[in-house]
Amino acid sequence: MRETEYAYAVARIRSNEVSLLTSADMEQLMAASDYAAAVRILADKGWDIPEKGEKFDIAERELSKAWELIAESAPDASLLEALVIGNDFFNVKAAVKCVFSDREPSECYVYPCITDTELITKAVTENDFDILPEFLAKPALEAYEAVSKRESGQLAEIIIDKAALEARIEYAGKAASGLLLRIAELYAAAANIKTALRCRKTGKSRDFALEAMCGCKTDNGELYANAGSTDSMAEYLLTTEYAFLSDSVKKGFTAFEKQCDNSVVSWLESAKYETFGPDPLVAYYYAKQAESKNVRIILSAKASGIPAQAITERVRDIYV
């Protein structure tokens, strides 16, 4: 596909970027007196807010709108499915958990996603995984059997999470977007780093850890070998392309995950100066994702009465 075929899509994305929340908007949200005040600010910014009797996740709704815009605008939206494919795997995991705990799966699904959630519910409740798309069918069946035959929810999670990360890398490779592939590789590497540290801390074997880690650019054997402590992991990361994560890994997973997200936002800057190709669309989606994540953090904190300073420590950088 020629990059110029994205010209219309990029133009639409540029016109919508002006509605992204700014740093000043985030400051205003964090300074809001309470949850209701923060919601009113979002309503003034054009966000959908539940009316009386309605119930939906405000941040999730905004992210779904971003995906709908991209899907409508892109010359071939299927090439950008790596942006949302992780939610399909989350939904399968949620369905398996719900079926075995007598809960309604629809209450736990997240959006946007590729696969119809009713189809996921049908596949899991009827134990008929052949009706799912090929990329979901095998891990869904394996996760189901991990719970039904081995009574291991942990194994089911490992199977789904690993498959999700590998699928995102595979789909990113189809998009002809260096930015999208770089982001997919980062989140896969971050997951492997956390898995290595957790496995060493809980005494899991090397074989267990390697089986749980996904395939990406990381040397998983070296990650496990250097996961005896966060200091040794940090020292090892300095010798890799993920040296920028070294400091944060010593501060705990919350700081580590925030650094990953902030790194992604910094990479989006290059797309601001591109006129053609898929990268501006990728940048817009991840900008909306960072924005939505911040809004979710702030609203949750406001609902719980957490002070503004504590909120600031968790809020991510933004694209604008």
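Residues numbered from 1 in each chain as written. Predicted model: local features only at pLDDT ≥ 70, side-chain atom pairs only at ≥ 80, totals over all residues. Heavy atoms only, no water.

## Some details on the overall build of the protein
Quick note on the threshold: In this text, helices come from DSSP runs of H or I with a minimum length of four residues, and strands from runs of E with a minimum of two, each type numbered from the N-terminal end. The reference for a compact globule is 2.2 Å times residues^0.38; the radius of gyration itself is calculated from the C-alpha atoms. Here's how the labels work: a residue is buried when its accessible area is under 20% of the maximum for its type, exposed when over 50%, partly exposed in between, all with a 1.4 Å probe on protein chains only. Note on contacts: a residue pair qualifies if any of its non-hydrogen atoms lie within 4.5 Å across the two residues. Residues scored as positive are Lys and Arg, those scored as negative are Asp and Glu, and His as well as the terminal groups of each chain are ignored. To locate a charge, the coordinates of NZ of Lys, CZ of Arg, CG of Asp or CD of Glu are taken.
Across its full length, the protein holds 16 helices and zero strands. Rg of the C-alpha trace for the protein: 20 Å, near the compact-globule value of 20 Å for 320 residues, within the 12% margin. Counting only C-alpha atoms, the protein reaches 50 × 50 × 50 Å along its principal axes. Taken across its 320 residues, the protein has 50% of its residues classed as buried. Put simply, 63% of the contacts in the protein that link residues at least 6 apart link residues at least 24 apart. A distance of 5 Å separates the average location of the 37 positive side-chain charges in the protein from that of its 51 negative side-chain charges.

## Quick look at the packing of aromatic side chains
The line we're drawing: Any pair of Phe, Tyr and Trp rings, taking the six-membered ring for Trp, is counted once the centres come within 6.5 Å. Such a pair is stacked with planes under 30 degrees apart, edge-to-face with planes over 60 apart, and tilted for the rest. Two conditions define a charge sitting above a ring: the NZ of Lys or the CZ of Arg must be within 6 Å of the ring centre, and it must be within 35 degrees of the ring normal.
Scanning the model with the defined rule gives eight aromatic pairs in all. Judged by centre distance (6.1 Å) and plane angle (65 degrees), the rings of Tyr-242 and Phe-244 are edge-to-face. Since its relative accessible area comes to 6%, Tyr-242 is described here as buried. Residue Phe-244 is classed as partly exposed on the basis of its relative accessible area, which comes to 33%. Here the aromatic residues Trp-67, Tyr-285 and Tyr-286 are joined through ring pairs into a cluster of three or more. For the cation-ring pair, Arg-61 lies above Phe-56, with the distance from its terminal atom to the ring centre recorded as 3.7 Å. The ring of Tyr-224 has Arg-200 sitting right over it, with the charged end atom 5.3 Å from the ring centre.

## Looking at the nonpolar core
Here is the rule we go by: To form a nonpolar core, buried Ala, Val, Leu, Ile, Met, Phe, Trp, Tyr and Cys residues must be joined to one another through side-chain atoms within 4.5 Å.
The biggest cluster of nonpolar side chains holds 86 residues, and the ones touching the most others in it are Leu-80, Leu-83 and Met-233. Per-element tally for this core: the top contributor is helix α9 (residues 178-201), with 14 residues. With 20 residues, the next largest nonpolar core counts Leu-29, Ala-32, Trp-47 and Ala-301 among its residues.

## A closer look at the pattern of salt bridges
The test is simple: For this analysis, a salt bridge means a side-chain nitrogen from Lys or Arg found within 4 Å of a carboxyl oxygen belonging to Asp or Glu.
The tally for this structure, following the rule as stated, stands at 20 salt bridges. Of the charged contacts in the structure, one is a salt bridge between Asp-48 and Lys-65, with a shortest N-O distance of 3.7 Å. Of this pair, Asp-48 sits in the loop between α3 (35-44) and α4 (58-73) while Lys-65 sits in helix α4, and the two are 17 residues apart along the sequence. Judged by its relative accessible area of 28%, Asp-48 is partly exposed. For Lys-65, a relative accessible area of 30% puts it in the partly exposed group. With a closest N to O distance of 3.2 Å, Arg-296 and Asp-57 form a salt bridge. In this pair, Arg-296 is assigned in helix α15 (residues 279-304) and Asp-57 in the loop between α3 and α4, connecting sequence segments 239 residues apart. Given the relative accessible area of 39%, Arg-296 is considered partly exposed.

## Section: the environment of Ala-146
Inspection of the secondary structure puts Ala-146 in helix α7 (residues 134-148). Setting aside residues no more than four positions away along its own chain, Ala-146 makes contact with Glu-151, Ser-152, Leu-155, Ala-156 and Ile-159.

## A word on the side chain of Asp-279
With respect to the helices and strands, Asp-279 occurs in helix α15. Put simply, Asp-279 is tucked away with no salt bridge, and the nearest opposite charge, on Arg-182, sits 9.2 Å away. What Asp-279 contacts, discounting residues up to four positions off in sequence, is Ser-177, Gly-178, Leu-179, Ala-271 and Glu-274.

## A look at α15
Cut-off, in case you're wondering: Expected helix span is taken as 1.5 Å per residue step, with the number of steps being one fewer than the number of residues.
In this model, α15 (26 residues) spans 37 Å end to end at C-alpha, consistent with the 38 Å of a helix rising 1.5 Å per residue. Of all 26 residues that make up α15, 20 are buried, and the element is covered over most of its length. Downstream of α15 by a residue or two, Gly-305 has a phi angle that is positive, lying close to 75 degrees.

## Focus on the state of the cysteines
Note the threshold: Here, a disulfide means two cysteine sulfur atoms that sit within 2.5 Å of each other.
In the structure shown here, the tally under the stated rule is zero disulfides. The closest cysteine sulfur to the non-disulfide-bonded Cys-98 is located on Cys-108, 3.5 Å from its own sulfur.

## A closer look at the packing of α4 against α15
To be explicit about the condition: Under this scheme, a helix contributes an axis fitted over its contacting stretch, all axes are lines through C-alpha atoms, and angles between N-to-C directions fall in the 0 to 180 degree range. Any angle from 65 to 115 degrees is called roughly perpendicular, while one under 35 is roughly parallel, one over 145 is roughly antiparallel, and all others are oblique. Gly counts as polar in this scheme, as do all residues outside two lists: the nonpolar Ala, Val, Leu, Ile, Met, Phe, Trp, Tyr, Cys and Pro, and the charged Asp, Glu, Lys and Arg.
Viewed as axis vectors pointing N to C, α4 and α15 meet at an angle of 170 degrees, and their least axial separation amounts to 8 Å. What the angle tells us is that α4 and α15 run roughly antiparallel. Facing α4, whose interface residues are Ile-58, Ala-59, Glu-60, Glu-62, Leu-63, Ala-66, Trp-67, Leu-69 and Ile-70, α15 presents Leu-281, Tyr-284, Tyr-285, Lys-288, Gln-289, Glu-291, Ser-292, Arg-296 and Leu-299. Classifying every residue of the contact of α4 with α15 by side-chain character gives 11 nonpolar, two polar and five charged.

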